[in-house]
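# A look at the structure
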Amino acid sequence: WRGRAGAPYSTLVPSDEVTINYRHGLPVITLTLPTRSERCQFTVKPTVTTVGAFLQDVQREDKGIERAEVFATDGSKVSDATLMEVLLMNNFKLVINNTAYSVSPPVKDKLSSEHATEMEDIKSLVHRLFVALHLEDHQIRKERELLQKLDHLKEELLPLEEMKARIMDSADAKTSRLLWVGLALMSTQGGALAWLTWWVYSWDIMEPVTYFITYGSAMAFYAYFVLTKQDYIYPDAKDRQFLHYFYWKSKNQHFNVERYNKLKEDLAEAEESLRRLRQPLHLRLPIQEINDKD
């Protein structure tokens, strides 16, 4: 057999040296590498892979291959730009170095199930390409929606934040005054007991009085535990009193605490969604778009 320009080939190998089988809807070409003398399989995507790409894969697998070409049965060379799907429709000859392999692809009508699977792969590929091409527009649109939502939530929260700040200042001031009043009462009590002990009565008379005052304080602390299910710890008691004043003041000024908390949760969720959307691995926006957002 002679190739293009009548160049002779030393060997014409039977068709069983190069076999083509379909596996999971894709053609698998099996051939013997000339310098390595071992069988090697090449899985190609017929609707994507070209003849040139397939020959390059063969040459990369065996560095000893100096020449790799494909010819039709009439001796004409097949272009490297030809898709493998077109090549596999008819018999052809694969020339590696000076050896020509006669290849007979499987008959098409025997591959109905494989062809159906192949079409499903093509549909999946088209879907992924569509998503990749339109993902950027979707992300830009989603980002704009999130920014509008953030602006709307911030507008709703602004008057509530101002009202909350006033209520918190008032509750904090009342709590501080209560603490100072408690300190003043304890100081007054201590001074009164000292005055009664040293100037009015003796310690023998005042000792039972101080005992019952101490016992009464212990009863008060125990009653606090029974009512609140918490130990009487000064920071916790202060926070509890602050919350009491805060909710009492909120009710008087018609401050909706539940609505405020819901808006804060929605704001945090929107900010987290925007942060995840703007991550470099998930968003590939043009530089102009990024600058516009900033």
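Bear in mind the structure is a predicted one, so any value in this text is a computation, not a measurement.

## A closer look at the overall build of the chain
Tallying secondary structure elements over the chain gives seven helices and seven strands in all. In the chain, which comprises 294 residues, the proportion classed as buried is 28%. Pairs at least 24 apart in sequence give 61% of the contacts found in the chain among residues at least 6 apart. Carbon together with sulfur atoms contributes 57% to the accessible area of the chain, which is approximately 20,000 Å² in total.

## As for helix 1 (residues 51-61)
Restricting attention to buried positions, one finds in helix 1 the residues Val 51, Gly 52, Phe 54, Leu 55 and Val 58. End-on, the buried residues of helix 1 take up no more than an arc of 160°, which puts them together on one face. Here the buried face of helix 1 lies against strand 3 (26-33), strand 4 (38-43), strand 5 (68-72), helix 2 (84-87) and strand 6 (92-96).

## A closer look at the UniProt feature "transmembrane region" (unreviewed entry) in the chain
Mapped onto the present numbering, the UniProt feature "transmembrane region" (unreviewed entry) falls at residues 178-197 and 209-227. Here residues 178-197 runs as 100% helix and 0% strand, with 28 Å between its end C-alpha atoms. In the segment residues 209-227, helix accounts for 100% and strand for 0%; the C-alpha atoms at its two ends are 27 Å apart.

## Remarks on the environment of Ile 167
Within the secondary structure, Ile 167 is located in helix 3 (residues 112-200). Of the residues examined, Ile 167 reaches a relative accessible area of 0% and is grouped as buried. For the pair Ile 167 and Lys 249, spaced 82 residues apart in sequence, the C-alpha separation works out to 6.4 Å.

## Describing the sheet that holds strand 3
The strands that make up a sheet are held in pairs by hydrogen bonds between backbone atoms, and each pair lies either parallel or antiparallel. Spatially, three strands are ordered 2-3-4 in an open sheet, and the strand pairing comes out antiparallel. Lying at the two open borders of the sheet, with one neighbouring strand each, are strand 2 (19-23) and strand 4. Here the average twist between neighbouring strands, direction ignored, is 30°. Here six bridges tie strand 3 to strand 4, and the two strands are oriented antiparallel to one another. Bridge pairing in strand 4 links Thr 30 to Gln 41. Contacts from helix 1 reach strand 3 and strand 4, with the element oriented near 145° to strand 4.

## With respect to the packing of aromatic side chains
The final tally for this structure, using the stated rule, is five aromatic pairs. Centroid distance Phe 42 to Phe 54: 6.0 Å. Interplanar angle 85°. Geometry classified as edge-to-face. Of this pair, Phe 42 sits in strand 4 while Phe 54 is found in helix 1, placing the two residues twelve residues apart along the sequence. Pair check on accessibility: Phe 42 and Phe 54 agree, each one buried.

## Brief notes about a nonpolar patch on the surface
Taken together, the side chains of Trp 195, Trp 198, Trp 199, Val 200, Tyr 201 and Ile 205 define a hydrophobic patch exposed on the protein surface, amounting to about 780 Å² of accessible area. Ranked by residues supplied to the nonpolar patch, first place goes to helix 3 with four residues. Judged by its relative accessible area of 47%, Ile 205 is partly exposed.

## Things to note about the nonpolar core
Counting 25 residues, the largest nonpolar core has Leu 31, Phe 54, Val 70, Phe 92 and Leu 94 as the members making the most contacts within it. Elements with a minimum of two residues in this core: strand 2, strand 3, strand 4, helix 1, strand 5, helix 2, strand 6 and strand 7 (99-103). By residue number, the principal contributor to this core is helix 1, which donates four residues. Residues in contact with Phe 54, not counting those within four places in the same chain, are Ile 29, Leu 31, Phe 42, Val 44, Thr 49 and Met 84.

## Quick notes on the pattern of salt bridges
Counted according to the given criterion, the structure contains seven salt bridges. The partner of Asp 57 in a salt bridge is Arg 60, with the nearest N and O atoms 2.2 Å apart. Of this pair, Asp 57 and Arg 60 are both found in helix 1, three residues apart, which corresponds to roughly one turn of the helix. For Arg 60, a relative accessible area of 49% gives the class partly exposed. Note that Glu 156 and Arg 259 form a salt bridge whose closest N and O atoms lie 2.9 Å from each other. With a gap of 103 residues between them, Glu 156 in helix 3 and Arg 259 in helix 6 (residues 257-277) connect regions that are remote in the sequence. You can call Arg 259 partly exposed: its relative accessible area is 38%.

Conventions adopted
- Residues numbered from 1 in each chain as written.
- Predicted model: local features only at pLDDT ≥ 70, side-chain atom pairs only at ≥ 80, totals over all residues.
- Heavy atoms only, no water.
- Helix = DSSP H or I, 4+ residues; strand = E, 2+ residues; numbered from the N terminus.
- Buried < 20%, exposed > 50% of the residue type's maximum accessible area, 1.4 Å probe, protein only.
- Contact = heavy atoms within 4.5 Å.
- Areas by Shrake-Rupley, 256 points an atom, 1.4 Å probe, with all protein chains shown as cover.
- Arc of directions from axis to C-beta.
- UniProt positions renumbered as here; feature names shortened; annotations may be inferred.
- Pairing = 2+ DSSP bridges.
- Axes fitted to C-alpha atoms, helices over the stretch in contact; angles between N-to-C directions.
- Phe/Tyr/Trp six-rings, centres within 6.5 Å; stacked < 30°, edge-to-face > 60°.
- Patch = residues over 30% accessible without salt bridge, like charges linked within 9 Å, V, L, I, M, F, W, Y side chains within 5 Å.
- Salt bridge = Lys/Arg side-chain N within 4 Å of Asp/Glu carboxyl O.
- Core = buried A, V, L, I, M, F, W, Y, C linked by side-chain atoms within 4.5 Å.

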